[in-house]
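In case you want the letters, here they are:
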Amino acid sequence: MIVYENVTHIYNRGLPNQQIALDDVNLRFEDGEFVGIIGRTGSGKSTLVQHMNGLLKPTTGRILMDGKDVSIKGLGINFNVGIVLQNPEDQIFEQTVFKEIAFGPQNMKLDSGEIKRRVAMAMDFVGLPKDILETSPFDLSGGQKRRIAIASVIAMQPRVLVLDEPTSGLDSAGKKNILQRIYEHHKKEKTTVVLVSHNMEEVAQYVERVVVLEKAKVTMEGKVDEIFEKPNELRKIGLDIPRISVAFLKLKELGYDVKNVHTLKQAKTEFFRLKKTLQER
Amino acid sequence: MNPILQEVTLGNFLQTNSVVHKIDPRLKLGSVFVYTILICMFRGIYALLLTFVALLAVYKGAKIPLKALWKNLKVIVPIITIAAMVNIFLIPGSVVFEIWFLKVTKEGLIFTLMMFFRASCLVSGTALLTFTTSPGSLVDALEYFARPVRMFGGSPNEIAMAISIAIRFVPTLFTELGKIIAAQKSRVAPFDSPKLRERLRAYLPVIVPLFHITSKRAEDLACAMESRCYAGNNKRTKFRILRFGTLDFVALVLMLVCAVGTFWVDRWRLYS
Amino acid sequence: MQGRKKQNMIELKNVHFSYESATKDTKLALNRINLKISCGEFVAVVGANGSGKSTLAKHLNGLLIPTSGDVLVLGANTKCEEDSIFIKKNVGMVFQNPDNQLVFTIVEEDVAFALENLGVPQQEMRERVEKTLSQLNILEYKNASNAELSGGQKQLVAIAGVLVINPKFIVLDESTAMLDPQSRDDVMCILKKLNSELGIAVVLITHFMEEAALAERIIVMNEGKVELDDSPRQVFKKLELLESIGLSVPQVTKFCHELNLLGENLPLGIVDENECAIELAKILKGPRR
């Protein structure tokens, strides 16, 4: 369990370009949860997640992992939390895919047998074929590079996996592929997953709980259904709602007694329920 | 954007709309030039100290917090410390005190102090220029001073443009650098290892991606400039026309007074 | 430029293009492209990663020259060195990452860059910069430094930087990819306005299908070829084809399609939420009347 206690983070403190990126944030991430973090660009999402493994230290406040303060300055990185940063393909540097994915486990001083096992596991996880292990990652396509970068974090087997806009810039096939696999991994291994995303359709489909950030503050928090029950509030702070929700809100405006929906599955169920009740009348 | 790197201020322009920001960029660039030469010429510590104090006063006038300056100075501190350690013990002269077999001399101490202030003055002077002058105006100033290259068939505009883009890219590169370091740190790269060799090795995974990203960005920028009809010729017109006004005249006089004054302090007051 | 036939379009004739690559066998990035994009159109170009859509974009203003075939911009061939400035003046290009395309730090200085390059007198330059900034509703940021702006605002500045030279076409190469949904909407709004009020043709390279749905015409790229070239409705009717080449359709289109598979009878290729709701309402009412 990770707990944020009154976390504030200020960049360039005391300079003309001073910026409050997090303002008194209190949050709780339970073990085995799939949490989505949404908010406009600049609302503090990236700053928030980079505190989780100690990449950033709070200006004030603290972050507890299983009751232990992991935000003390000078303390290194907390490797129980694996973060895939934005555009992670930018971090690729090794000559072969194997070495790239093995970089993390190697730094963790694991033995070579274990490293091999982990690389194989991570490759499998992101759905990359074994025969590219010895090719240079720079020769691969953008989508494959992204998956290698994700695999390189997965190979460290973190208890908490944080993904900062993992699908941005990918085509829809690539998007679906990555998220579906992460979701399956979460279900199987009970890993905690924190997903930062702009794509509400993604969030609605995979996430259990949503945290909404606005101007450095947590303004809403709750189960995904509860959050999308308030489309007007979300729109007010510049966030989207899934298109299917928009269509059903319109249907409601046309005088039909429909519930708010936010996934295709819910929409279908709701449509047929409505159809049935109307026919029975 | 990734947050970690917003912390860097090196090479950044900080808009505070102060008087210093409004001074003609040619004067500012020229002053930094003159002043760099002066600093290298000073023989005594008093003039250096005086210059440093005067500089701090200009920072105040420019409304640039000293914290921004400190961030730039921090970069050179390790280099100066190493050089100081060497000099302080190696320069012969009258011994002030001894630690075991190492002799600390008065000459060594003064030399080290001077080196420290010299470096600080140089860094804070050049940083002041970039803090208070937008890259665009800086190009204008550079172009103005590069005019003689026309005689040799060169294009002052191209030179100025190249330099300005280099300056404009410094913060971006720092941003990228910070991002990559964050990513590799998350993969347990031993940046904080007590062993120097390990720490140096940890930087390889930083340099390779940085190189890739930089070339990609440079390519993009070249495309963007070409798309906006940039051809690097001398037929370009200027959006900003530089005018040397009253404010600039006052600044010039002040600058000259300071230059002559410190030089006088350095040469005549001390040695006559 | 002499002897050029006046034409109101960008025309691609039999365009082939391959990147020179030392390591691998050269693959065609563009394979026999024949297209016409007329003045005043609003076209979206979609395709999976690596389908050649960005390569196509770079051909439209001569940043890339076809390996074989011709690209004619208002009659001028991009192969012709002397027409280079003419072509770039008429086809403005906006790129993905605003940080890589803004040349100067101050907004008005950056917007003036192209005018400086074209040798426009200073007084006229100031007027045109102000006019352009107010057209895009960003006049208030005139003296701001780019670092103070959000991604969406920066992208508007980048658009201003090409709009200022009055191009007939604006090509946006995934310019909305790095923006959040709200900023994307802002940029789309501005593009729609430029298209309808100033008659500027917009070529929008994107991988957001909801954005593409707002265009008049969608060109679907796959493996260097034009797979489809039609109105959004016609294009999104072919859901299976799109999904087979790594693309998706807007969520409501998908929903209507799935209902049809379950035995409902909705028109194909619905892209608009309003229309979707109205069609659903028709079905719900249907049996009663």
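Conventions adopted
- Residues numbered from 1 in each chain as written.
- Chains lettered and ligands numbered in written order.
- Predicted model: local features only at pLDDT ≥ 70, side-chain atom pairs only at ≥ 80, totals over all residues.
- Heavy atoms only, no water.
- Helix = DSSP H or I, 4+ residues; strand = E, 2+ residues; numbered from the N terminus.
- Expected span 1.5 Å × (residues − 1).
- Buried < 20%, exposed > 50% of the residue type's maximum accessible area, 1.4 Å probe, protein only.
- Arc of directions from axis to C-beta.
- Phe/Tyr/Trp six-rings, centres within 6.5 Å; stacked < 30°, edge-to-face > 60°.
- Lys NZ or Arg CZ within 6 Å of the ring centre and 35° of its normal.
- Contact = heavy atoms within 4.5 Å.
- Buried area = accessible area lost by both parts, 1.4 Å probe.
- Salt bridge = Lys/Arg side-chain N within 4 Å of Asp/Glu carboxyl O.
- Polar contact = N/O pair within 3.5 Å; in protein donor to acceptor, adjacent residues only side chain to side chain.
- Nonpolar A, V, L, I, M, F, W, Y, C, P; charged D, E, K, R; others polar.

**Digging into helix H3 (residues 45-61) of chain B**
Residues and elements named next belong to chain B.
Part 1 of the reasoning: End to end, H3 covers 24 Å across 17 residues, agreeing with the expected 24 Å (1.5 Å per residue, within 8%).
Part 2 of the reasoning: Inspection of H3 places Ile45, Ala47, Leu48, Thr51, Phe52, Leu55 and Tyr59 among the buried residues, and these make up the whole buried set. Taken around the axis of H3, the buried residues stretch over an arc of 160°, which confines them to a single face. Opposite the packed face of H3, turned more than 90 degrees from it, sit the exposed residues Val53 and Lys60.
Part 3 of the reasoning: Positive phi shows up at lysine 63, right after H3, with a value of about 60°.

**Considering the packing of aromatic side chains**
Part 1 of the reasoning: Overall, the coordinates contain 13 aromatic pairs over all chains when judged by the stated rule.
Part 2 of the reasoning: With centroids separated by 5.3 Å and ring planes inclined at 75°, the aromatic side chains of phenylalanine 271 of chain A and phenylalanine 272 of chain A adopt a geometry described as edge-to-face.
Part 3 of the reasoning: Residue phenylalanine 272 of chain A is classed as partly exposed on the basis of its relative accessible area, which comes to 28%.
Part 4 of the reasoning: Pairing phenylalanine 104 of chain C with phenylalanine 113 of chain C gives two aromatic rings, centres 5.7 Å apart and planes at 80°, and the pair type is edge-to-face.
Part 5 of the reasoning: A residue is classified by how much of its surface remains accessible, and phenylalanine 104 of chain C, at 3% relative accessible area, is buried.
Part 6 of the reasoning: Among the aromatic side chains, those forming a connected cluster through ring pairs are Phe34, Tyr183 and Tyr206 of chain A.
Part 7 of the reasoning: Seen from the ring of phenylalanine 239 of chain B, arginine 126 of chain C lies directly overhead, with NZ or CZ sitting 4.3 Å from the centre.

**Things to note about the interface of chain B and chain C**
Part 1 of the reasoning: Residue-level contacts link 28 residues of chain B with 39 residues of chain C.
Part 2 of the reasoning: Summed over both sides, the interface between chain B and chain C buries roughly 3,000 Å², with carbon and sulfur atoms accounting for 56% of that surface.
Part 3 of the reasoning: Seen at the junction of chain B and chain C, the total is four salt bridges.
Part 4 of the reasoning: Residue glutamate 109 of chain C pairs with arginine 240 of chain B through a salt bridge whose shortest N-O separation is 3.2 Å.
Part 5 of the reasoning: Put simply, chain B and chain C have 16 residue pairs in polar contact (both at pLDDT 80 or more) between them.
Part 6 of the reasoning: When residues of the side of chain B that touches chain C are traced back to their parent elements, those giving at least two are helix H6 (135-145), helix H7 (156-186) and helix H9 (204-227) of chain B.
Part 7 of the reasoning: Tallied by class, the residues present in the side of chain B that touches chain C amount to twelve nonpolar, seven polar and nine charged.

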